[in-house]
Amino acid sequence: MAHSHGHSHGGHDAEVEVEALPRMVLTVSLVLVAVVTIVGVALWWPDRAAVEKLQGSQEFVADGVVFETAEVTSVAEPCSAEGTPEGCNTAAAKLTSGPDTGTEVAVKVSTPMASSGLEAGDKVELSRTEREGEATYAFFDVKRGPPLLLLVGLFVVCVVAVARLRGLMAVLGLGFAGAVVWLFLLPALLSGEPAAAVALVSSVLILYVVLYTTHGLSVRTSVALGGTLAGVAVTALVGTIAIGGSRLSGLGSESGQTLSSLDGDLDLQSLLVAAVIIAGLGALNDVTITQASAVWELRAVGPSSSRWEVFRGAMRIGRDHVASTIYTIVFAYVGAALTLLLVIQLYDRTFFSLLTTEQMAGEIVATMAAGIGVVLAMPITTIIGALTVPGPAGDPAEMEYDAPRRPMVPSRPQPPGPQPPPGYRPTRVGPREQAGPYPNTPPVRGYPAPGPQGPRPAPRGDHHGRQRPMGQGAWPPPDQGPRRG
């Protein structure tokens, strides 16, 4: 962040040297935010003893119930709507753990589970209840560890194979984000800390690590980080106002009702704000890093462009990106709430009245708040980037003719270019230089050739057979005109 030659998104930071003042302002601002974040983490770090007590306060199963693993040996046909044939929705499984290892038991399974493709060889989990010395087994769930691990491994391989080192750093950053959520965010929320503030601190902590590890320690990444932080603040503000104004209680979902019954001290309305903040991080990161890269690339390819021209060009790119990102946000929420939409579709109420229910209003508020944060983060990032990159390099018309276009500030010392012969001053030369041969030292572009120029080339003719010396006067001569007939 303190130096502009770090590796960054696109790898061209060396072509745009940022001046000391904007770099210092950006760096100091981000350092202050980082300090506040660290203070927030220390202030709201959950008490592990209290969290463990809370986690153990709710029993998952009744006393005496234990779980054992088993392997399915056969599955009966699922029960149909027309009838319930004998033995439907049952499965036979051989126990692979516990005191009855090797014993085959028959258990009942639900119709959806029987219709989901359960077959012989699948690993399942059975609940074991012992009463008066006799054990009873019931189906609990399928063990999905191996296929999930295979899918995660395939995901990591694809990311690293395509994005290479940057992809590997993105996967590591994703692991760090998961650790922050599991070790800090969730325990802090359970222990009664302010949900919105904890979500903000967690989001900022994740963004600092994820952006710099994935896109490199550079001014360009710092610009993207500044825009992302502004977008997070906008999302939190809009979400807080909208959730409070909509009088959302947080009890619109089944999980909210369950959580309220388990821990009545939780502020479910603040939890909705925290959910909105966390849900918008991915889209914000996507938009801001792209905008920062757009500003940098436009400055690199147009060193004479003004900051206003760079801003306008980056905004044109950002508008297309924002338009597609809005679809991403909306359809992500639609997909997550698809079963809820199906249930609401069955209700005998008007369309508008369904939209204003607790369930649908919560999804709409979350989508709109995250969308507003993403939309406003784009111009904010563009403004920060346009103010950070240097101004125009100068008027190209005032540059020496045919002089090579130099980068804004070379990333390394450049070798000296061609030097004029001794005793000659620079002069402007047209695009067609005088023809040779030169008996002495060859000329340097931009300077007259030393010594005698030698004979001019022989005259050349046109399709009429007339001749004119190359480069002498207008053609055809005024006294001749075109040949007729």
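Residues numbered from 1 in each chain as written. Predicted model: local features only at pLDDT ≥ 70, side-chain atom pairs only at ≥ 80, totals over all residues. Heavy atoms only, no water.

In the nomenclature of an unreviewed UniProt entry, the protein corresponds to Putative membrane protein from the organism Nocardioides albus.

(A) Highlighting the side chain of Arg299. As for its position among the elements, Arg299 is in helix 9 (residues 281-301). For the buried Arg299, no salt bridge exists, and the shortest N-O distance to an oppositely charged side chain is 7.0 Å, to Glu309. Polar side-chain contacts of Arg299 include one of 3.4 Å to the backbone oxygen of Pro303. (Helix = DSSP H or I, 4+ residues; strand = E, 2+ residues; numbered from the N terminus. Buried < 20%, exposed > 50% of the residue type's maximum accessible area, 1.4 Å probe, protein only. Lys, Arg positive; Asp, Glu negative; His and termini not counted. Salt bridge = Lys/Arg side-chain N within 4 Å of Asp/Glu carboxyl O. Polar contact = N/O pair within 3.5 Å; in protein donor to acceptor, adjacent residues only side chain to side chain.)

(B) Main features of the sheet that holds strand 5 (residues 134-142). If you walk across this open sheet you meet the 5 strands as 3-2-1-4-5, and the pairing is antiparallel. Of all strands in the sheet, those bounded by a partner on one side alone are strand 3 (104-108) and strand 5. Strand-to-strand twist in this sheet, taken as the mean axis angle between neighbours without regard to direction, amounts to 45°. Across 8 bridges, strand 4 (residues 123-131) lies against strand 5 in antiparallel orientation. Across the sheet, residue Val124 finds its bridge partner in strand 5, namely Val142. (Pairing = 2+ DSSP bridges. Axes fitted to C-alpha atoms, helices over the stretch in contact; angles between N-to-C directions.)

(C) Molecular detail of the packing of aromatic side chains. Counted according to the given criterion, the structure contains 5 aromatic pairs. Ring geometry for Trp308 versus Phe311: centroids 5.6 Å apart, planes at 25°, classification stacked. Here the residue Trp308 and the residue Phe311 both occupy positions in helix 10 (residues 307-336), the gap between them amounting to 3 residues, near one helical turn. We classify Trp308 as exposed; its relative accessible area is 54%. Taken together, a centroid distance of 6.4 Å and an interplanar angle of 15° make the contact between Tyr327 and Phe331 stacked. Of this pair, Tyr327 and Phe331 both sit in helix 10, separated by 4 residues, roughly a single helical turn. For the residue pair Tyr327 and Phe331, the accessibility class agrees, reading exposed in each case. (Phe/Tyr/Trp six-rings, centres within 6.5 Å; stacked < 30°, edge-to-face > 60°.)

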